[in-house]
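# Breakdown of the fold
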Amino acid sequence: MQLSTRARYAIIALTDLARATELSGDARPVSLSEIAERQGISPAYLEQIFLRLRRAGLVRSARGAQGGYLLIEAASGQSLGAYLEARLLGPLGMTETGFHLTPERRARLAQLFARDEKGELVPAHFTLPGGGEFERGGGGLYGTVGDYLAFIRMILNEGRGPDGPPLLGPASLAGMTQSATPGLSGVGRLIPAHPGLSRDVDFFPGLRTGWSLAFLVNEDPAPTGRPAGGLMWAGLANTYYWIDLVNGIGGVFATQLLPFGDEKALGLFHAFERAFYV
């Protein structure tokens, strides 16, 4: 089944927002019309994509946080975690990454922090909804900085791991590394769905930015020195990374600080990146 970029974004909306009830703790099912409204997608178009996926046997239900849209699981016959382990994590040597914490890994789990009213760091208490039992595509993996650098090296190495054949085909790699929204003037300020977990954030105010199927793409040179076409994204606890395909550079900056978008953490990330281009 061949899908356009627009259709792929519709699928992303389906897979991500079908899981939104779990993230919010709301057991109410999510309908196609609600997904379409929240993502600014035509309900008729989203319904069309869903019907195509159901005819292809790739989805089972249009409702429920866990009831449908498990495309990889339906196509492969494996859980998402098992599929990632076999096709990505294992070949890359990412032995510390997975959805579930063993007792040994749990003992090494980093403490989360937040700022009090004076700006001082204090321990924060936060656990992933569902305790990691639900393997979702939008987040939930535990891992290390070293493991994530292995993933970044794969992107810099044109989809290849340390050994063996490419892990990503040319079309997948292009979809991940090239802007799929070239006409967009800029991503702009990102407004969180859960203000208690994230602040508003604009990574590069005034710059043309867009989205690939995997990353935020800066379409203008960034003030940190990153050239146009650079890739980046981030994690909830103020973890940030960038990938520079032009110069073959990538890096990870990781804190364990809530909420996301902390000004000091973001400033340190930019300074860290800038040091590579001085």
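You'll find the structure just up there.
First, a word on what this report is: a plain description of the structure on this page. Quick caveat, the model's predicted, so the values are computed rather than measured.

## Thoughts on the sheet that holds strand β8 (residues 257-258)
On the basis of which strands lie adjacent, the open sheet formed by 3 strands has the order β2-β1-β8 and mixed pairing. What marks the edges here is a single partner per strand, and that holds for β2 (121-123) and β8. Where strand β1 (residues 113-115) and β2 come together, 3 bridges link them in antiparallel fashion. Bridged to Phe 113 within β2 is Pro 123.

## Concerning the pairing of strand β6 (residues 239-244)
Within β6, 5 of the 6 residues are buried, leaving the element largely enclosed by the surrounding structure. Pairing analysis gives 5 bridges linking strand β5 (residues 230-235) to β6, with the strands arranged antiparallel. When the sheet's bridge partners are listed, Leu 231 is paired in β6 with Ile 243. With antiparallel pairing between neighbouring strands as the criterion, β5 and β6 make up a hairpin whose turn holds 3 residues, including Asn 238 at a positive phi of roughly 55°. Of the strand pairs in this sheet, β6 and strand β7 (residues 249-254) are connected by 6 bridges, and their pairing is antiparallel. Considered in β7, the bridge of Ile 243 is made with Gly 250. Where β6 folds back on β7, the antiparallel hairpin that results is connected by 4 residues, among which Gly 248 adopts a positive phi of roughly 70°.

## Points about the nonpolar core
For soluble globular proteins, nonpolar side chains are generally found buried alongside one another. One finds Phe 151, Ile 155, Phe 215 and Ile 243 to be the most contacted residues of the largest nonpolar core, which totals 20 residues. Each residue touching Ile 155, except ones within four places of it in the same chain, is listed here: Leu 168, Leu 173, Met 176, Thr 177, Phe 215, Leu 231, Ile 243 and Leu 245.

Scoring rules and cut-offs
- Residues numbered from 1 in each chain as written.
- Predicted model: local features only at pLDDT ≥ 70, side-chain atom pairs only at ≥ 80, totals over all residues.
- Heavy atoms only, no water.
- Pairing = 2+ DSSP bridges.
- Helix = DSSP H or I, 4+ residues; strand = E, 2+ residues; numbered from the N terminus.
- Buried < 20%, exposed > 50% of the residue type's maximum accessible area, 1.4 Å probe, protein only.
- Core = buried A, V, L, I, M, F, W, Y, C linked by side-chain atoms within 4.5 Å.
- Contact = heavy atoms within 4.5 Å.

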